[in-house]
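# Coordinate inspection notes
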Amino acid sequence: MKHKSELSFPNTHNLLKSVLIGLVVCLGLLCLYYGWSFGPGSRRSDEEASGSDGSDPFFGGFVLHRDFDDLHEDQEHNSEVPKSMPVCDLQFSELIPCIDRNLIYQLKLKPNSTLMEHYERYCPPPERRYNCLIPPPLGYKIPIRWPESRDEVWKANIPHTHLAQEKSDQNWMVVNGDKINFPGGGTHFHDGADKYIVALSRMLKFPADKFNNGGNIRNVLDVGCGVASFGAYLLSHHVIAMSLAPNDVHENQIQFALERGIPSTLGILGTKRLTYPSRSFELAHCSRCRIDWLQRDGILLLELDRLLRPGGYFVYTSPEAYAQDPENRRIWNAMSDLLKRMCWKVAAKKEQSVVWAKPLTNSCYLKRDPQTQPPLCDSDDDPDSSWNVSMKACISRYSAKVHKEKGSGLAPWPQRLTTAPPRLEEIGVSPEEFQEDTGIWRFRVIEYWKQMKSVIQKNSIRNVMDMNSNFGGFAAALNGKDVWVMNVAPVRVSSRLKIIYDRGLIGTVHDWCEAFSTYPRTYDLLHAWAVFSEIDERGCGAEDLLIEMDRILRPDGFVIIRDKPAVINYIRKFLTALKWDGWLSEVEPRVDALSSSEERVLIARKKLWDEGLTAM
């Protein structure tokens, strides 16, 4: 009996061990399930809702990344291509994947809030990316069209009224029944941005009180822009502003701005450079933008210095410029001392506003004592490098050519749109190549509009994005239309973005393997030339990019995808699942000097979802 008992004890131990292992595995599976269920990837597909085929909504929604050339079968014969895609929960209707403070919490990141790091980009790792279509909010309507949208939007599209209450005495916005109205006011221009702009023009003695100063001011950076009324009213002066604000406690400022049809983007002066090249703006503007310009040895003012052109202006409207209490006097004196060391001079000062001007040459920098702070940047620092680059507390000096010519050498607007800019030689492009590119895109855009002519309604397109902007030829070809274009330079060709700014256009650097920093439903037209081929070469998923494009595209909006035939064949299989089959056109375009290989053009229109689908 003793011998039998000794033999049975190890068997009992093994059984207990197996049970414990089984419990651990079960708990792991439960954690995995709930991790998916409560993260952005938890969604319900059409098939799941109807119970038609029992497919897995989490892992079975999409094919794994494969080469485009491997997939040519028709959709009905290719079971890997979904006939529908999962729809995100309604709580994610305003999801910005890389600006999501829930993600910061979930990933246990510890950004420094005093440096505004919690407003910067933090993209989800591949295993946490959402794999579903972002639904519109309940009651969503096709946006009011420009120019009426400058002054009113549908409340259902952005159901946030906190700003209307908080800024009720400043004429930012007013709730009026089923609409939100924008009287054009601001914290320091209660009587309207239009009058404020004229007042600034008079301060600077610009001809005819026009803010464009005879076409010499075209690009403006409006920091802490609110709902972008300043940028909205600059448009009548033929000035385009990149209106910038974070996704912060002033809820949905940039979402309101984009819904209005005003050029704007999410961004923060934190620890990273803004994603624009050096010498991009003639003027920077801050009206009570609540920024501590003195922090970290003036690093934020030095970032503005990097972005301003020679002789560029910084308009600062704030109590520090005029109020006489001790704290405001202290800040004013410290800012004045810092900007003097940066070689900026006061160009004008009146009541609530002061305007500083950046020097035209390096002469002042060279006369400073070598120990003067802030220092000049090292000679090997590239001031145009901006994607995920930390700010530097130093002054970017001008090139020898700019110093000698005492300025950027740009033609006034609108001539600069088609004039070859001097910085072309920095990227090894001749004026002839530039002009050829401009001509090709003029022809291409004419052909696009011919295809879309039967379905485009008047003023139905306002916010446009060119996802691979090259030299900005696509945007330049649209100049006669009442639209604005966000030109996106992929990281590998980011040096070309300075040419876009030199043309008087605006844009940003971006990596299309990640989500773009904007709210859902903010663009009417997305143009993607060779974007899918580029990310495919880098091993990024086309499916992720299609979902991202759907997120930022408005219902009734268009996509124009120009790429290799294999890419177009692959994308076409997803159109029904994406609900991009409201209208379709596919052609084989004429070969031109920009065609690296055979190309096809696919144009598709996104449907407005019905309430039943949204509520799933």
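Residues numbered from 1 in each chain as written. Predicted model: local features only at pLDDT ≥ 70, side-chain atom pairs only at ≥ 80, totals over all residues. Heavy atoms only, no water.

Test applied: UniProt positions are given in the numbering used here, feature names are shortened, and annotations may be inferred rather than shown by experiment.
The chain has the name Methyltransferase in an unreviewed UniProt entry, where Prunus dulcis is given as its organism. Under Sequence similarities (unreviewed entry), UniProt gives the following word-for-word description of the chain: "Belongs to the methyltransferase superfamily."

### Re helix H5 (residues 193–203)
Formally: Exposure is judged per residue with a 1.4 Å probe applied to protein chains only, and the accessible area is read against the type maximum: over 50% gives exposed, under 20% gives buried, and values in between give partly exposed. Going along the chain from the N terminus, every DSSP run of H or I of four or more residues is numbered as a helix, and every run of E of two or more is numbered as a strand. Each C-beta atom gives one direction from the helix axis, and the arc is the one those directions make. By definition, residues are in contact when any of their heavy atoms lie within 4.5 Å.
Those residues of H5 lying buried are Ala193, Tyr196, Ile197, Leu200, Ser201 and Met203. Projection of H5 onto a plane perpendicular to its axis shows the buried side chains occupying an angular sector of 160°, all on one side. Of the exposed residues in H5, those oriented more than 90 degrees away from the buried face are Lys195 and Arg202. Contacts made by the buried residues of H5 are with helix H6 (229–234), strand S9 (281–287), strand S10 (308–317), strand S11 (345–350) and strand S12 (353–357). Of the residues flanking the end of H5, it is Lys205, one or two places downstream, whose phi is positive at about 55°.

### Observations concerning the packing of helix H8 (residues 295–307) against helix H9 (residues 326–341)
Heads up, the condition is: Only C-alpha atoms enter the line fits that serve as axes; for helices the fit covers just the stretch in contact. Angles between N-to-C directions range over 0 to 180 degrees. A crossing counts as left-handed when the near helix is turned anticlockwise from the far one by less than a right angle, and as right-handed when that turn is clockwise. Residues are grouped as follows: Ala, Val, Leu, Ile, Met, Phe, Trp, Tyr, Cys and Pro are nonpolar; Asp, Glu, Lys and Arg are charged; all remaining types, including Gly, are polar.
Two numbers describe how H8 lies on H9: the axes approach to 11 Å, and their chain directions differ by 60°. Here H8 runs over H9; the crossing is right-handed. For the pair formed by H8 and H9, the contact residues are Asp297, Gly298 and Leu301 on the first element and Met335, Leu338 and Leu339 on the second. Looking at the contact of H8 with H9 residue by residue, the classes come out as 4 nonpolar, 1 polar and 1 charged.

### Brief notes about the state of the cysteines
Cut-off, in case you're wondering: Note that a disulfide, as used here, is simply two cysteine sulfur atoms within 2.5 Å.
What the rule picks out here adds up to 6 disulfides. Cys88 shares a disulfide with Cys132; S-S distance 2.0 Å. On the sign convention where negative is left-handed, the bridge of Cys88 and Cys132, at about 80° about the S-S bond, is right-handed. Residue Cys88 is found in strand S2 (residues 87–88), and its partner Cys132 is found in the loop between helix H3 (101–106) and strand S3 (152–154); the two are separated by 44 residues along the sequence. Taken individually, Cys88 and Cys132 each receive the classification buried, so the pair is uniform in this respect. Bridging Cys98 to Cys123, the disulfide has an S-S length of 2.0 Å. Its S-S torsion of about 110° marks the bond between Cys98 and Cys123 as right-handed, since a negative value means left-handed.

### Quick notes on the sheet that holds S9
Our working definition: Paired strands, in this sense, are two strands between which DSSP finds at least two bridges.
With mixed pairing, the 7 strands of this open sheet are ordered in space as S8-S7-S6-S9-S10-S12-S11. Two strands close off the open sheet at either side, each with one partner strand: strand S8 (264–266) and S11. When the angles between neighbouring strand axes are averaged without regard to direction, this sheet yields 20°. Packed onto the sheet, helix H7 (residues 253–260) meets strand S7 (240–245) and S8 and runs at close to 155° relative to S8. This element, H9, spans S10, S11 and S12 of the sheet and lies at about 15° to S12.

### Focus: unusual backbone geometry
Trp146 connects to Pro147 through a cis peptide bond whose omega is 10°. If you trace the backbone, Pro147 turns up in the loop between H3 and S3. Residues Trp413 and Pro414 are joined by a peptide bond in cis, for which omega reads 10°. Looking at the element boundaries, Pro414 is found in the loop between helix H11 (400–405) and helix H12 (431–452). One non-glycine residue with positive phi stands out, namely Ala228, at about 70°. Relative to the helices and strands, Ala228 is located in the loop between strand S6 (219–223) and H6. Residue Ala228 is classed as buried on the basis of its relative accessible area, which comes to 0%. Of note in this structure, Lys406 is not a glycine but carries a positive phi near 55°. Relative to the assigned elements, Lys406 resides in the loop between H11 and H12.

### Digging into the nonpolar core
Put simply, the rule is: Here, the term nonpolar core denotes a set of buried Ala, Val, Leu, Ile, Met, Phe, Trp, Tyr and Cys residues that are joined through side-chain atoms within 4.5 Å.
Residues Leu221, Trp293, Phe314, Met465, Met549 and Trp580 are the most contacted members of the largest nonpolar core, which totals 147 residues. In contact with Leu221, other than residues within four places in its own chain, are Met242, Leu244, Leu274, Tyr276, Phe281, Leu283, Ala284, His285, Leu304 and Leu307.

### Examining the side chain of Asp384
This is how the line gets drawn: Nitrogen and oxygen atoms within 3.5 Å of one another constitute a polar contact, given that in protein one can donate a hydrogen and the other can accept it, and given that sequence-neighbouring residues count only through two side-chain atoms.
If you trace the backbone, Asp384 turns up in the loop between helix H10 (363–367) and H11. Of note is the side chain of Asp384, whose polar atom sits 2.9 Å from the side chain of Lys498. Those residues in contact with Asp384 that lie beyond four places of it in its chain are Pro277, Ser278, Arg423, Glu426 and Lys498.

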